[in-house]
Amino acid sequence: MFNIDFIFGASTASYQIEGSIDKDGKTSSIWDTFTKTKENILDGSDGSIVCDSYIKYKDDVKLLHELGVKAYRFSIAWSRVIDKNNNPNQKGLDYYINLCKELRKYNIKPYVTLYHWDMPQWLEDIGGFLNDEISNYFMHYTDVVTKAFDGYVSDYITINEPQCIMFLGHRLCVHAPGVKYNDKEMLKAIHNLLLCHGKSVKIIRKNVKNSTVGFAPCSRPMIPTTNDQLLYKKCYEEYYKLDRDNEYPNNVSIYSDPVFLGDYPKEYYEKFKDILPKITKEDLELINQPVDYIYQNFYSGTFYSLDKDNNLVKEPFPFGYPEGNIDWLQVVPQTLYYGPKYLYERYKKPIIISENGFCNNDVISLDGKIHDPERIDYINRYLIELEKISKEIPIKGYFYWSLFDNFEWNSGLKKRFGLVYIDYKNGNRIKKDSYFEYKKIIEKGGI
Ligand code: GAL
């Protein structure tokens, strides 16, 4: 069981659920643009309707209420609440205010992510994260949102998965905006993104009474296959290591060290010495604003062992172990044990799992229901590990990804992570078996 004050929640993100992409003064985001090129998305779909949450938000809240969660993590579409002249768009703000009012009616706490990847296209057009003014735009956006939500929201997450923003959006170019950065540009963009975080935290602290603030990276922990102490140490070091060459935008320490420890890792300065952006002491202080939690999105891990010379070796994923219906999602429950353990060991802050979930090829059965025993199994296995580590370090909450099936970025609509099935033909929402299982777990307070 978890502690009595453990937060059970569910997560979503604006572009993935809202639809209504051009209503009430919303401008285009980079995902509206990216999805116009059908080849960018596996099934050619887009976010124009998805769960229709812009219209059906009251139904969303009813589903959350019946599920029994204490918290709902959703994100704000920047392009809904700020117009092209950088002024507030009241109609867009009203949508989120109404959502919060509805949540409060049922005693569900909103956890608001400010940036879950959907940059307004007009900001991308003037350079996006390469524009040195971007952190000031983000600060202004934070100011507008926190003032408008005064009294409704006290818990904020600045940025979701900086790794995916940079690695998928600007290196592999399989996510919006699909604009490739060279190394010099990449480092500058990462620094600007971290400044967005820092300046935003300052504004949240100024505008919001009793606020909590965090930053939500993702990671794929190295899982030791034995109890050998040396293996543990090497896995830990590998988790934070910066030198996986082309993949550094996907690393943990390049983002989290400046945020939680106040500086980039030592190897950063060595590795990139000829192409470093300008980094001042003031910048680092700004980025290192005190935060309350390490939020982290964890889905899967990779097994490691030692060879006869005590070198770390990656183990293939064992044949016959369960896997999700998306190529990167191997079922590795120890992810929720070792991931938090590594994070706490280095950063010493309470941890909230901001995303964890399973992708399945769900179908409506003859009885009209959705039977998803694989997802039920995943949730149970992962929460057992989380319970275990919560006896050793402070784990404050768990948000299942996702409340609904939704638009899974470049994989489109066919990849389903939800507790609630969306029938995209008619918009029907059907609670899956896993919805009832998670409800039971919440009622019990654990596994
Ligand atoms: C995360 C992302 C979510 C969701 C999830 C499942 O990387 O933050 O938006 O798509 O993965 O793939």
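Please read all numbers here as calculations on a predicted model, not as lab measurements.

Focus: the overall build of the protein
- Counting its regular elements, the protein contains 16 helices and 13 strands.
- The C-alpha atoms of the protein give 21 Å as radius of gyration, which agrees with the globular expectation for 447 residues (22 Å, within 12%).
- Taking the principal axes of the C-alpha coordinates as reference, the protein spans close to 60 × 50 × 45 Å.
- Across the 447 residues that make up the protein, the buried fraction comes to 60%.
- For the protein, the exposed surface amounts to about 17800 Å²; the carbon and sulfur share of it is 50%.

Re helix α7 (residues 134-148)
- Along its 15 residues, α7 runs 21 Å from first to last C-alpha, staying within 8% of the 21 Å computed at 1.5 Å per residue.
- Among all positions in α7, only Ile-134, Ser-135, Phe-138, Tyr-141, Thr-142, Asp-143, Val-144, Val-145 and Thr-146 are buried.

A look at the pairing of strand β11 (residues 395-401)
- With respect to burial, β11 is a largely interior element, 6 of its 7 residues being buried.
- With 5 bridges connecting them, strand β1 (residues 7-11) and β11 associate as parallel partners. Opposite Ser-11, over in β11, you have Trp-401 as the bridge partner.
- As judged from the 3 bridges shared by strand β10 (residues 351-355) and β11, these two strands associate in the parallel manner. Looking at β11, one finds that Ile-352 is bridged to Gly-397.
- In terms of handedness, the path from β10 via helix α15 (residues 373-390) over to β11 forms a crossover that is right-handed.

Observations regarding the nonpolar core
- Within the largest apolar cluster, 139 residues are counted, with the highest numbers of intra-cluster contacts made by Trp-31, Phe-129, Met-166 and Leu-386.
- Examining the composition of this core, we find that 10 residues originate from one element, helix α9 (residues 183-207), more than from any other.
- For Leu-386, the contacting residues outside a window of four places in its chain are Phe-2, Phe-6, Leu-336, Pro-340, Ile-353, Ile-395 and Tyr-398.
- Grouped together as the second largest cluster of nonpolar side chains are 9 residues, Ile-7, Ala-71, Tyr-293 and Phe-399 included.

So, the environment of Tyr-295
- Inspection of the secondary structure puts Tyr-295 in strand β7 (residues 293-297).
- Among the residues examined, Tyr-295 registers a relative accessible area of 0% and is labelled buried.
- The sequence separation of Tyr-295 and Asn-3 amounts to 292 residues, and the corresponding C-alpha distance is 18 Å.
- Apart from the residues within four sequence positions on either side, Tyr-295 is in contact with Tyr-111, Tyr-156, Ile-157, Thr-212, Gly-214, Phe-215, Ala-216, Pro-217, Ile-352 and Ser-354.

Topic: the site of the ligand
- Residues in close proximity to the ligand total 13 residues, the closest being Gln-16, His-116, Asn-160, Glu-161 and Glu-408.
- In the model, an oxygen atom of the ligand is placed 2.8 Å from a nitrogen or oxygen of the His-116 side chain.
- Here an oxygen atom of the ligand and a side-chain polar atom of Glu-408 are 2.6 Å apart.
- Starting from 310 Å² of accessible surface for the ligand in isolation, the protein chains cover 95%.

A short note on the pairing of strand β5 (residues 212-216)
- Of all 5 residues in β5, 5 are buried; the element is thus mostly enclosed.
- Across 4 bridges, strand β4 (residues 155-160) lies against β5 in parallel orientation. Bridging across to β5, Tyr-156 finds its partner in Val-213.
- By the bridge criterion, 2 bridges tie β5 to β7 in an arrangement that is parallel. Across the sheet, residue Gly-214 finds its bridge partner in β7, namely Tyr-293.

Details of the environment of Ala-148
- You can see Ala-148 is positioned in helix α7.
- Overall, Ala-148 belongs to the partly exposed group, its relative accessible area being 22%.
- Note: C-alpha distance between Ala-148 and Pro-88 (60 residues apart in sequence) is 9.6 Å.

Structural notes on the state of the cysteines
- Evaluated as defined, the whole model comprises 0 disulfides.
- This cysteine, Cys-196, is not joined by any disulfide, and Cys-164 carries the nearest cysteine sulfur, 17 Å off.
- The class of Cys-196 is buried, set by a relative accessible area of 1%.
- Of all cysteine sulfurs in the structure, the one in Cys-218 sits closest to Cys-235, which takes part in no disulfide; the separation is 19 Å.

Topic: unusual backbone geometry
- Cis geometry marks the peptide bond from Ala-176 to Pro-177; its omega dihedral reads 0°.
- Mapped onto the elements, Pro-177 comes out in the loop between α8 (162-170) and α9.
- With an omega dihedral of 10°, the bond running from Trp-401 to Ser-402 counts as a cis peptide bond.
- Within the secondary structure, Ser-402 sits in the loop between β11 and β12 (420-423).
- Non-glycine residue Val-50 carries a positive phi angle of around 45°.
- Mapped onto the secondary structure, Val-50 falls in the loop between α2 (30-34) and α3 (53-67).
- The backbone of Asp-52 shows a phi angle near 60°, a positive value even though the residue is not glycine.

Notes on the packing of aromatic side chains
- Throughout the structure, instances matching the rule amount to 50 aromatic pairs.
- Considering the side-chain rings of Tyr-337 and Tyr-338, the 5.0 Å spacing of their centres and the 80° angle between planes classify their relative orientation as edge-to-face.
- A residue is classified by how much of its surface remains accessible, and Tyr-338, at 12% relative accessible area, is buried.
- By way of ring pairs, the aromatic residues Tyr-232, Tyr-236, Tyr-239, Tyr-240, Phe-260, Tyr-337, Tyr-338, Tyr-342 and Tyr-347 are connected into one cluster.
- One cation-aromatic arrangement involves Arg-80 over Tyr-54; the distance from NZ or CZ to the ring centre is 4.2 Å.

Reading the values: the criteria
Residues numbered from 1 in each chain as written. Predicted model: local features only at pLDDT ≥ 70, side-chain atom pairs only at ≥ 80, totals over all residues. Heavy atoms only, no water. Helix = DSSP H or I, 4+ residues; strand = E, 2+ residues; numbered from the N terminus. Rg over C-alpha atoms; globule rule 2.2 N^0.38 Å. Buried < 20%, exposed > 50% of the residue type's maximum accessible area, 1.4 Å probe, protein only. Areas by Shrake-Rupley, 256 points an atom, 1.4 Å probe, with all protein chains shown as cover. Expected span 1.5 Å × (residues − 1). Pairing = 2+ DSSP bridges. Right-handed = clockwise from strand over helix to strand, strands pointing away. Core = buried A, V, L, I, M, F, W, Y, C linked by side-chain atoms within 4.5 Å. Contact = heavy atoms within 4.5 Å. Near = heavy atom within 4 Å. Polar contact = N/O pair within 3.5 Å; in protein donor to acceptor, adjacent residues only side chain to side chain. Disulfide = S-S within 2.5 Å. Phe/Tyr/Trp six-rings, centres within 6.5 Å; stacked < 30°, edge-to-face > 60°. Lys NZ or Arg CZ within 6 Å of the ring centre and 35° of its normal.

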